[in-house]
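Each chain is listed here by its residues.
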Amino acid sequence: MEEAVQDSIIEAVLSGDTSQLCGFKIMDGQYAIPVLEVQEVVKPQKVTPVPLGPEYVDGLINLRGQIVTAINLRVLFGLPRKEDSDEYMNIIVRWGDSLYSLVVDEIMDVMDIENTSFEDTPDTIDENLKKYIRGVFKLQDNLLTLLSLEKILDIKVEKKAN
Amino acid sequence: MSDAQQAILQEFLVESFENLSSINDDLAVFERNPDDSELLNAIYRKIHTLKGSASFLGLAKLQEITHTVESILDFVRDGTLKITTDIFDLFLESFDLCLILLKDIEASGSEGDHDISSLMSRLNKVQEVNLIAGEVLVKDEGLGQVDPIASYTQELSNESSTESITKEEPTQVAENVVPLPKKNSNEVKPQAPAQAGEKSAAARPQIADSIVRVNVNLLDKIMNVVGELVITRNQILQYSKVKDDSDLNRYAQQLNTITTELQTDIMTTRMQPVGSVFNKFERIVRDLSRSQGKKVRLNIVGQETELDKTLLEVIKDPMTHLIRNSLDHGLESPQGREAAGKNPEGLLEIKAYHEGGQVIIEISDDGAGINSERVKAKAIEKGILTQEEIANYTKSKIHSLIFHPGFSTAEQVTNISGRGVGMDVVKSNIEKIGGEVDVESKEGKGTTFRLKIPLTLAIVPALVIESGEETFAIHQKNLVELVMLESEDFHKIEKLHGREFFRLRGELIPIVRLNEVLKLDKNEEEVYFLNIIVLKAEGKTYGLIVDNILDTQEIVVKPLDRALKSMSYYAGSTIMGDGRVALIIDAFGFYNQVDSKDADSSADMTDVIQAQKVDYDSIEVVLFNLGDGRTYGIPLSLISRLEEFDPGQIEWAGEQSLIRYRGSSMPLLNIEAILSLRGKSRLESAEQGKLNCIVTAVNGVNFGFVVQEIIDIAFSETALETETIDRSGLLGTIYINDKLITLLDIYKMVASTEVGKKVFGGEIDIRLKGKVLVVDDSPLYRRVQEDMLREAGLDVIMAHNGEEGLIAFKQNEDIQAIITDIEMPMLNGYEFSEEIRSINKSVPIIAVSTKVGDKDRETGLSAGFSYHLEKLNKREVLETLGKCLS
């Protein structure tokens, strides 16, 4: 039930006039998720790796007594890992009963963006990325890719099943 | 009253006092805002709760009042009744009376004998009028004319002066105030209620004061804050060590102690023994069995098992449903049970225990079991599965269909189960908290539901270890022992088929290296010792080699997220004292993963072990000495009797010595001669005294093996090694108490003698052709049977247990007959046969067991056995096979 509610956050945001988004950078791409889905943003933490776990799982973090699974979006999107591995940010999100950290390069500001600039996933987008995104905001100078938490966090279960 | 009931009652009282006082407050507010439907609903809900609990506890008066009030409120909610001041008064009076009743219950455990008829008649009037007219004119009914308080007081005094005297008090009066004349008892009486009143007034604050209700969310929050405190404490401790300031050190130590205490206390606040929920079932079972006319004995085991409060709340309803289900569908009526040859009193068992990092709750009954055919039919009828799909389903898979949404086999929907809340809801509720449900059922025997509940916040003792720079925890209950091997003993880890094994006191256990399995960084430095953690999980023992063993600790198990949870290597994660996260290794899942990986490669670990190891707890051996002074053994199961004979009774027929035994002559065998051992047999020696003789029956003929001395009966501890035998007539060697024992093959020995050849007679003549599957968990019998069948010319496929047998059968379509043992792990002979029959109706299944009773035969036939023979009757087995294969 909780997931259904969460799922609807992104749709509710898109159904309004403007979307309030938390933006972040991965390599030279700009991405965002609705700010309502973000619990907090934290600096790099001590990570406990999960041996034999999926490659995109960097490991587990202790966030004030709660276990957070860190998902490296670079790896998930099929991009190379960051060289200076200390320079990254954790975006903490709750999905179902679990907490996750989306490991990204850099956090941008919270942005209010007109929904008129939104477009459903264009066909031309990279296949590796396509399965994780909800759509794209066409900004003046660049594109802002809206990620779907549901797709990112559920795909793992599917993958595992294979 | 039992403690359990007392506890329920206390809980009820706490809740009801609370509810009543808030109802009173709510009513007052509602009177001012009669349009506030939310508030009305709130009041309604509270009354409903009160009514529910009252009826559950059998408090008739409370139930009656609250029920009627609830009905009246129903009209108010519908809008058919407009609430008036009079009705308000009536309500308030009702709740006051409820309060008085509750106080009595608190003081004496019963409702007392208050007369509620006056109140009820007025309440009923309101209700009836509404029922009839659908709309009411309360005033006209003259309700308002009665002063409720006055009438109530009147009722009270009436009652105390008349009714109660005749009912309860006389005993008390008689006991305490015997000499008082009857007349005076009227004066004594009125004091009693007053005393009771005082007592309850004094008692009530006790409950209210000693218990504070705290929201679990708040506890969660506190827990998290404490977690942060722990981390800060650790930092301060570390800093204080660097600083070397004695004052700082002292304060840091104090902080340390206090924090630890606080942490433990907070964690314990969330844990509750499952008994607090289980005890409620006693009443449910009692009432349900009564109303259904069934006799049920409830057995509760493991009430002290602790589970997180939140989880307890969640499992309560699913468990209630399963219990109702067992009572309704599972257990038969006493007549039905008697007809089925069972104890007319059914058994319902609720069991809780820790296993594999989870709390397991089993609800089992010895009832009728699940009717697979009906489940099948239903599944097809409901379109859940097609006929073809279901044909491949095993029994257990069919049983699990009952958890499918929209599935209910109850032919009749009773008011106990089948009210739309199906098994699917049970399943989804349990799965929601990360648990599992499964069902195991045997038709006619009963059903067991097994709930696996994650520990979540459960605190478990764990061994903390380090490997490849990472810290891991292992549940202590899986820990058997720790072994440290020094470098000169490294050779004790042996390699077999590319796998490593370690001989632990004679038992061969597989060795797994944590660094290798988890692909952790290897310690490049030369190691001078190895740490082996011997673990046991669900019957499997193995050794885990880790870099360092750190400590044992109480850890809080935190579940992994959904994706990682499916990695069965880990049971969860935990936060260590220094704030770092450590993974908890699931001893069972870990081994299974390693094992299944090996199964892919050429060497199957289980196979290697099984080839090396006799099920040492299954073979009992009779030990004896022979002429050469060595100790030999014969499996006890092959022996009929141990006898002593007088040498003077021995008769000779040519070279063969015979003795009269049970009405016929029994050949006595000279083991030393047969095996060409050194030393002389007692048969040949001139020694005086009785002859010790081991009597066995081979093909129905008794043979006596003459031995020097019978020493002992012992369990074999180690693998049967067959490489060591140097002559026919020996089975192999085993270790017992660190002594090497040679096991004798009595069949070969008998067969090698002249008299034996006669007994086996035409045995050699039975030549058979075809492929036979042999399922037996004992390597010894497997070997005996394999030899026998191969000698007869058959192609033999061996399987170690029912499960393997099933796989082998599916893989080899040309199997013409199956020979199976009965007592086996995993899937026993009956279950195995049932499974086979569900896919193949015609293949002959020959069950062999050491002894066959009529009852066994019956069970066997219903499980699908074609024949049920004695295990060691070679001729019979071969002849039966001959019949099957021709």
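Residues numbered from 1 in each chain as written. Chains lettered and ligands numbered in written order. Predicted model: local features only at pLDDT ≥ 70, side-chain atom pairs only at ≥ 80, totals over all residues.

Undergrad: Would you mind showing me how to read the overall build of chain A here?
TA: A tally of regular secondary structure across chain A gives 4 helices and 11 strands. Considering only intrachain contacts with a sequence separation of at least 6, the fraction spanning at least 24 residues in chain A is 53%. (Helix = DSSP H or I, 4+ residues; strand = E, 2+ residues; numbered from the N terminus. Contact = placed C-beta atoms within 7 Å.)

Undergrad: Can you walk me through the interface of chain A and chain B in this structure?
TA: By convention, interface size is frequently given as the accessible area that disappears when the constituent parts associate. Listed by partner, the interface residues are 23 residues for chain A and 23 residues for chain B. Among the secondary structure elements, those contributing two or more residues to the side of chain A that touches chain B are strand 4 (57-63), strand 5 (66-72), strand 7 (98-104) and helix 4 (149-161) of chain A. Here the element with the most residues in the side of chain A that touches chain B is strand 4 of chain A; it accounts for 4 residues.

Undergrad: Looking at this structure, how should I read the environment of Ser16 of chain B?
TA: Residues and elements named next belong to chain B. In this fold, Ser16 is placed in helix 1 (residues 3-32). Considering only alpha carbons, one finds Ser16 and Ala54, 38 residues apart in sequence, at a separation of 9.4 Å. Among residues more than four places away in sequence, those in contact with Ser16 are Leu50, Ser53 and Leu102.

Undergrad: I tried to follow helix 3 (residues 60-78) of chain B on my own but got confused; where do I start?
TA: Side chains three or four residues apart in an α-helix point the same way, a direct result of the helix having 3.6 residues per turn. Residues and elements named next belong to chain B. Taking 1.5 Å per residue as the helical rise, helix 3 with its 19 residues ought to reach 27 Å, and the 27 Å between its terminal C-alpha atoms agrees with that figure. Considered for burial, the residues of helix 3 that qualify are Lys61, Leu62, Ile65, Thr66, Thr68, Val69, Ile72, Leu73 and Phe75. Phi for Gly79, located one or two positions after helix 3, is positive at around 90°. (Expected span 1.5 Å × (residues − 1). Buried ≥ 20, exposed ≤ 12 C-beta atoms within 10 Å, placed from the backbone.)

Undergrad: Help me understand the packing of helix 28 (residues 802-811) of chain B against helix 29 (residues 829-839) of chain B, please; the structure alone is not making it clear to me.
TA: Any two packed helices are characterised by how steeply their axes cross, that is the angle between the axes, and by the distance between the axes. Residue and element names in this part refer to chain B. Running from N to C, helix 28 and helix 29 point in directions that differ by 25°, and their axes come no closer than 9 Å. The angle between helix 28 and helix 29 falls in the class roughly parallel. Crossing angle aside, the handedness with which helix 28 passes helix 29 is right-handed. Of helix 29, the residues touching helix 28 (which contributes Gly802, Gly805, Leu806 and Phe809) are Gly829, Glu831, Phe832, Glu835 and Ile836. Classifying every residue of the contact of helix 28 with helix 29 gives 4 nonpolar, 3 polar and 2 charged. (Axes fitted to C-alpha atoms, helices over the stretch in contact; angles between N-to-C directions. Parallel < 35°, antiparallel > 145°, perpendicular 65-115°, else oblique. Left-handed = near helix turned anticlockwise from the far one by under 90°. Nonpolar A, V, L, I, M, F, W, Y, C, P; charged D, E, K, R; others polar.)

Undergrad: Before we go on, may I ask you to explain the confidence of the model for chain A in this structure?
TA: In low-pLDDT regions, the fine details of the predicted coordinates are not to be read closely. Residue and element names in this part refer to chain A. Of all residues in chain A, 91% have pLDDT values of 70 or greater, and the mean over the chain is 84. Every residue in residues 1-5 scores below 50 in pLDDT, and together they form 2 contacts with partners more than four places removed in sequence or on other chains. Per-residue pLDDT stays below 50 along residues 156-162; that stretch engages in 7 contacts with residues further than four places along the chain or on separate chains. (pLDDT = per-residue confidence, 0-100.)

Undergrad: I would appreciate a short explanation of the packing of helix 3 of chain B against helix 4 (residues 85-108) of chain B in the present structure.
TA: Residue and element names in this part refer to chain B. Direction vectors running N to C along helix 3 and helix 4 enclose 160°, while the axes themselves pass 10 Å from each other. Viewed along their axes, helix 3 and helix 4 adopt a mutual orientation that is roughly antiparallel. Relative to helix 4, the crossing made by helix 3 is left-handed. On helix 4, the residues touching Lys61, Leu62, Ile65, Thr66 and Val69 of helix 3 are Phe91, Ser94, Leu97, Cys98 and Leu101. When grouped by side-chain class, the residues that make up the contact of helix 3 with helix 4 number 7 nonpolar, 2 polar and 1 charged.

Undergrad: I tried to follow the sheet that holds strand 5 (residues 358-365) of chain B on my own but got confused; where do I start?
TA: The strands making up a sheet are joined through hydrogen bonds of the backbone, oriented either antiparallel or parallel. Residue and element names in this part refer to chain B. If you walk across this open sheet you meet the 5 strands as 2-4-5-7-6, and the pairing is mixed. Pairing within the sheet leaves two strands with one partner each, and these edge strands are strand 2 (296-301) and strand 6 (436-442). Adjacent strand axes in the sheet meet at a mean angle of 15° when their direction is disregarded. Relative to strand 7 (residues 446-454), strand 6 runs antiparallel, the two sharing 7 bridges. From the neighbouring strand, Ser441 faces strand 7, where its bridge partner is Thr447. Together, strand 2, strand 4 (346-355), strand 5 and strand 7 form the strand contacts of helix 14 (residues 309-330), whose direction differs from that of strand 5 by roughly 20°. (Pairing = 2+ DSSP bridges.)

Undergrad: Looking at this structure, I do not really get the pairing of strand 13 (residues 507-513) of chain B. What am I missing?
TA: Walk down a regular strand and you will see the side chains alternate between the two sheet faces. All names here are of chain B. Along strand 13, 5 of the 7 residues are buried, which leaves the element largely enclosed by surrounding structure. Relative to strand 13, strand 12 (residues 499-504) runs antiparallel, the two being bridged by 5 bridges. For Phe501, the partnering residue across the bridge sits in strand 13 and is Pro510. Pairing analysis gives 3 bridges linking strand 13 to strand 15 (residues 540-546), with the strands arranged parallel. For Val512, the partnering residue across the bridge sits in strand 15 and is Leu544.

Undergrad: Which parts of the structure should I look at to understand the confidence of the model for chain B?
TA: All names here are of chain B. For chain B, per-residue confidence averages 76 on the pLDDT scale, and residues scoring 70 or more make up 81% of the total. Counted against residues more than four places away or in other chains, residues 134-205, with its pLDDT under 50, gives 70 contacts. Throughout residues 411-420 the model reports pLDDT below 50, and contacts reaching past four residues in sequence, or to other chains, amount to 14 contacts. ipTM for the predicted complex: 0.85, alongside a pTM of 0.43.

Undergrad: How should unusual backbone geometry be read in this particular structure?
TA: Negative phi characterises most residues that are not glycine, and trans characterises most peptide bonds. Of note, Asp244 of chain B is a non-glycine position whose phi angle comes to about 55°, a positive value. Tracing the sequence through the fold places Asp244 of chain B in the loop between helix 11 (216-243) and helix 12 (246-270).

Undergrad: How should I be thinking about helix 14 of chain B in this particular structure?
TA: An ideal rise of 1.5 Å per residue puts 32 Å on 22 residues; helix 14 of chain B measures up with 29 Å between its terminal C-alpha atoms. The largest bend along helix 14 of chain B measures about 30° and falls at Lys316 of chain B, with the proline Pro318 of chain B one to four residues further on. (Bend = angle between axes of the 7 residues up to and from the residue.)

Undergrad: It is not clear to me how the sheet that holds strand 11 (residues 143-147) of chain A should be interpreted in this structure. Could you clarify?
TA: Residue and element names in this part refer to chain A. The strand order 8-1-2-11-10-9 describes an open sheet built from 6 strands, whose pairing is mixed. Two strands bound the open sheet, and with one partner strand each, they are strand 8 (106-114) and strand 9 (118-120). If you compare each strand with its neighbour and ignore which way they point, the axes differ by 35° on average. Bridge analysis of strand 1 (residues 18-26) against strand 2 (residues 29-34) gives 6 bridges, and the strand direction is antiparallel.

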